[in-house]
Structures are given as C-alpha cells and as structure tokens.
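Coordinates in review
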Amino acid sequence: MSLEESEKVSEKMNKTNHNFVIVDTGCANLSSVKFAVERLGFNITITDDVELIKQADKVILPGVGNAKHAMVNINAKNLAATIQGLTQPVLGFCLGMQLMTQSSHEGNFSGEVEVVDCLNLIPAQVKPLKADGLRLPHMGWNTLTSVIDHPVFAGIEAGEYFYFVHSFAVPVGDYTAATCEYGSKFSAAIVKDNFIGCQFHPERSGAAGSKIIKNFLEM
C-alpha cells in the first residue's frame, strides 16, 4: 500500500470511529442534516436517547419551525437537562441556534408577543428581525459581514454566502460570532464555551456550509 493509500484509509477510519449524533427534537430537518454530514464521509446517528446524546463526541441540534413547538417537544422527551449538561461541542442550526438562547420573543395567533423560555445555554434573546420594510421571512442567500477567529469558522471569511430562512434573530451582542445584514445587522452565529449556533442552514449552504460542518466534526 502506498503512502497516499495509507493516508486515505487512515482518514476514512478517523471519520467512522467517532460518535456523532443529531438530536431528534421531533420538529427538525433531520434527514437533510444527516445527508450533509454523510456526504463528507462521516457517520452520524439521529436520536432522542438521553444516554446516546450524553456519550456522543459531537452533537448537532438542528431545527425548523418555532421555538414554542420545539421546546414542547424537547421537554416532552426529557431532553432539556441533558442538552444543558453537555460538555462536548454542540452545533445548532437555525432554530437549533435560537433554542440555545435564554428566550425567544415570538408572535402568537392573536398577534401578541409571547416569550418562550429556551435552553439558556447562551445569554442572549431571540427577537423579531428588524427587516426595515424588507420581506419576511429573510429567505435566501446572504453574505456574512463579519466573522470571528474560531475553529468552527476556519477558512470562512466575511463576504461568504450562506442560506437563511428566518423571521427572528439574535441581536448583535457579546456572544456574536458572525454577523449578517438584512434591513439591520443581526447575529449570523453565536458562541459560548462548547455551544456554537448558526442562524443560517449549513446543510443547505453549499461548500461554505460543508466546511463549517467539517470543521465542527474535526475540531
């Protein structure tokens, strides 16, 4: 076996010998996230089993929809305390990122703002996106206007395009890791300790999104 072949075998073994999980919150785009990870050559399991999540090397928290529905599911599955106690790296996608915050200020059916308690992993709040008259939801490709130096964002620079679908956002603050602008500037990513959240969908963001997923799984 040549050195190049040996390195390829070693790389494949490194990718398959880790324990990665996607948290099944019951309301997420689970299959597309799983496919995005598998396209990179990694194995990953979708689960809501508390013990499997605790034992994982890396955890992905995906999400689509609204925080209230997601938190009802998370609490019904008794997952809140487990996620809050994780010490391994955790990456949230879109709603998954918003669930990492203290609370989400969403509109209910009567048009009133309802405050939904989230997982309180990162001291931030989700607010209606100030789109300054632009159409909501903010849906489509947009560029990052800034990004911090962090292992998950290695090789990602301001000006890189990512895919967004959201009407709520975390205002720019102490835990902002990347910013984007749509009517106003908002947090495109937030970070605190082992918790990293992306407002955009890495699994739908082409090569740049794949790089973020790969960076996370290899960090």
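As shown above, the structure is provided for reference.
So, a few notes on the structure that sits alongside this text. Just so we're clear, the structure is a prediction, and the values are computed from it rather than from any experiment.

Turning our attention to the layout of surface pockets. What the largest pocket holds in volume is close to 230 Å³. In terms of lining, the largest pocket is formed by 15 residues, of which the most central are Gly65, Cys94, Val165, His166 and Ser167. Taken together, the elements giving at least two residues each to the lining of the largest pocket come down to helix H6 (95–98) and strand S9 (161–166). In terms of residue class, the lining of the largest pocket is made up of six nonpolar, seven polar and two charged.

Our next topic: the pairing of strand S4 (residues 90–93). Judged by which residues are buried, S4 turns out to be covered on both faces: Val90 and Gly92 on one side and Leu91 and Phe93 on the other are all buried. Sheet analysis places strand S3 (residues 58–61) next to S4, joined by three bridges and oriented parallel. Within S4, the position partnered with Leu61 by the bridge is Gly92. As paired elements, S4 and strand S13 (residues 195–198) share four bridges and run parallel to each other.

Definitions and cut-offs
Residues numbered from 1 in each chain as written. Predicted model: local features only at pLDDT ≥ 70, side-chain atom pairs only at ≥ 80, totals over all residues. Heavy atoms only, no water. 1 Å grid on protein atoms, 1.4 Å probe; cavity = no way out; pocket = protein on both sides within 12 Å on 5 of 7 lines; lining within 4 Å. Points joined across faces, edges and corners; volume = space filled by probe spheres on them. Helix = DSSP H or I, 4+ residues; strand = E, 2+ residues; numbered from the N terminus. Nonpolar A, V, L, I, M, F, W, Y, C, P; charged D, E, K, R; others polar. Buried < 20%, exposed > 50% of the residue type's maximum accessible area, 1.4 Å probe, protein only. Pairing = 2+ DSSP bridges.

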